[in-house]
Amino acid sequence: MNKSFKVIAFDADDTLFINEPYFDEAEEKFCALLSDYLSKQGLSQALFQTQINNLPLYGYGIKGYILSMVETAYNVSNHTISSKAMEKIIEIGKDLLQKPIVLIDGIEETLKQLHGNYKLVVATKGDLKDQHRKLHLSGLGPFFHHIEVMSEKEELDYEKLLKRLEIDPHEFLMIGNSLKSDVLPVLNIGGTAVHIPFHTTWAHERIDHEITHPKFYTTEKVSDIMELLNL
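Only a predicted model underlies this, so the values are computations on that prediction, with no experimental measurement involved.

Cut-offs and rules
- Residues numbered from 1 in each chain as written.
- Predicted model: local features only at pLDDT ≥ 70, side-chain atom pairs only at ≥ 80, totals over all residues.
- Heavy atoms only, no water.
- Helix = DSSP H or I, 4+ residues; strand = E, 2+ residues; numbered from the N terminus.
- Rg over C-alpha atoms; globule rule 2.2 N^0.38 Å.
- Contact = heavy atoms within 4.5 Å.
- Areas by Shrake-Rupley, 256 points an atom, 1.4 Å probe, with all protein chains shown as cover.
- Lys, Arg positive; Asp, Glu negative; His and termini not counted.
- Charge placed at Lys NZ, Arg CZ, Asp CG, Glu CD.
- Buried < 20%, exposed > 50% of the residue type's maximum accessible area, 1.4 Å probe, protein only.
- Pairing = 2+ DSSP bridges.
- Right-handed = clockwise from strand over helix to strand, strands pointing away.
- Salt bridge = Lys/Arg side-chain N within 4 Å of Asp/Glu carboxyl O.
- Axes fitted to C-alpha atoms, helices over the stretch in contact; angles between N-to-C directions.
- Parallel < 35°, antiparallel > 145°, perpendicular 65-115°, else oblique.
- Left-handed = near helix turned anticlockwise from the far one by under 90°.
- Nonpolar A, V, L, I, M, F, W, Y, C, P; charged D, E, K, R; others polar.
- Phe/Tyr/Trp six-rings, centres within 6.5 Å; stacked < 30°, edge-to-face > 60°.
- Lys NZ or Arg CZ within 6 Å of the ring centre and 35° of its normal.

1. Some remarks on the overall build of the protein chain
And step 1. Along the protein chain, the regular secondary structure elements total 9 helices and 6 strands.
And step 2. Taking 17 Å as the expected radius of gyration for a compact globule of 231 residues, we find that the protein chain reaches 19 Å, a close match to that expectation.
And step 3. Its C-alpha atoms put the protein chain at 60 × 35 × 30 Å along the principal axes.
And step 4. Within the protein chain, contacts between residues at least 6 apart in sequence are counted, and of these 71% link residues at least 24 apart.
And step 5. Put simply, the protein chain shows about 11,700 Å² of open surface, and 51% of that area lies on carbon and sulfur atoms.
And step 6. Across the protein chain, the 23 positively charged side chains and the 34 negatively charged ones have centroids separated by 4 Å.

The structure is reproduced here in structure tokens:
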């Protein structure tokens, strides 16, 4: 691995702290609530499609997810959903916004070792207020020089980030759990990327092909970064 990095960026959700399992739990509750209308599989597919359709309007994050649950409930019930059931859907969403922050194993120790040797940043998607809330509650905020909450994580978004950080692509290392968002666009602009798989990934973030690239690395846990960097 090239060691001339000036900036190391971390994804937030399921890279710094746990996130997707909370959405899986919320989906389970949603499907149980609406089980009279469709099968669990049918409800999951309907909710997913609504989320994808709404991404251009709401972006990523819990608030958009809540609105997509409400819209899906109206659609699958043919607008007959009760006000009581709708209240429960809102409660599912509010519960998501108050979930405890659970750090990924080894992340705090890794950041302590990297801090001072590299400029560390957060590069993530989601709701701006919620991501800042989670970073504040995580206690990890002081390790980071900059926090970037993107509407998307595509090549142009990363290019804009690098321009703000005043670095070239070869000086940038991205670490995250999503091949689609954290790896491919970074490789495409000339950066280096490390994939740290998480045990569950949102379907929208999955890809159906392997990545072969000289600047692509994968590790089982975040602490393995130190070995890749020879620290």
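2. Digging into the pairing of strand S2 (residues 119-125)
And step 1. Among the 7 residues in S2, 6 count as buried, and that is most of the element.
And step 2. Taken together, the 4 bridges between strand S1 (residues 7-10) and S2 define a ladder with parallel strand orientation. Bridge pairing in S2 links Val7 to Lys119.
And step 3. In terms of strand pairing, S2 meets strand S3 (residues 146-150) through 5 bridges, oriented parallel. Each bridged residue has a counterpart across the sheet, and for Val121 the counterpart in S3 is His146.
And step 4. Following the chain from S2 across helix H6 (residues 128-138) to the adjacent parallel S3, one finds a crossover that is right-handed.

3. Here's the deal with the pattern of salt bridges
And step 1. Summed over the entire model, instances satisfying the criterion amount to 14 salt bridges.
And step 2. For Glu28, the salt bridge goes to Lys40, with nearest N and O atoms at 2.7 Å. You can see Glu28 sitting in helix H1 (residues 20-33) and its partner Lys40 sitting in helix H2 (residues 40-58), a full 12 residues away along the chain.
And step 3. By relative accessible area, which is 46% here, Lys40 ends up partly exposed.
And step 4. Arg133 is the salt-bridge partner of Asp130, the closest N and O atoms lying 2.9 Å from each other. Here the residue Asp130 and the residue Arg133 both occupy positions in helix H6, the gap between them amounting to 3 residues, near one helical turn.
And step 5. The exposure class assigned to Asp130 is buried, which follows from its relative accessible area of 7%.
And step 6. Via salt bridges that share partners, Asp13, Asp130, Arg133 and Lys134 belong to a single interconnected network.

4. A look at the packing of H1 against helix H3 (residues 62-76)
And step 1. Running from N to C, H1 and H3 cross one another at 20°; their axes reach a closest spacing of 12 Å. In terms of axis orientation, H1 runs roughly parallel to H3. For the element pair H1 and H3, the recorded crossing hand is right-handed. Across from Phe23, Ala26, Glu27 and Phe30 in H1, the residues of H3 making contact are Ile62, Tyr65, Met69, Thr72 and Ala73.
And step 2. The residue makeup of the contact of H1 with H3, split by class, is 7 nonpolar, 1 polar and 1 charged.

5. Points about the sheet that holds strand S4 (residues 172-176)
And step 1. Taken in spatial order, the 6 strands line up as S3-S2-S1-S4-S5-S6 in an open sheet, and their pairing is parallel. The open sheet has two edge strands with one neighbour each: S3 and strand S6 (216-218). With direction set aside, neighbouring strand axes in the sheet form an average angle of 20°.
And step 2. On the sheet, H6 packs against S2 and S3 and is oriented at approximately 145° with respect to S3.
And step 3. Contacts from helix H7 (residues 155-165) reach S1, S2, S3 and S4 within the one sheet, and its direction differs from that of S3 by about 160°.

6. Observations concerning the packing of aromatic side chains
Aromatic rings in a pair are described by how distant their centres are and how their planes are angled relative to each other.
And step 1. This model, assessed by the stated rule, comprises 3 aromatic pairs.
And step 2. Relative to Tyr65, the ring of Phe23 has its centre 5.0 Å away and its plane inclined at 85°; by these criteria the two rings are edge-to-face. Here the residue Phe23 occupies a position in helix H1, and Tyr65 occupies one in helix H3, the gap between them amounting to 42 residues.
And step 3. You can call Phe23 buried: its relative accessible area is 14%.
And step 4. For the pair Tyr158 and Phe172, a centre-to-centre distance of 6.3 Å together with 55° between the ring planes defines the contact as tilted. Taken as a pair, Tyr158 in helix H7 and Phe172 in strand S4 lie far apart in primary sequence, 14 residues in all.
And step 5. The ring centre of Tyr60 lies 3.9 Å from the NZ or CZ of Lys125, which sits over that ring.

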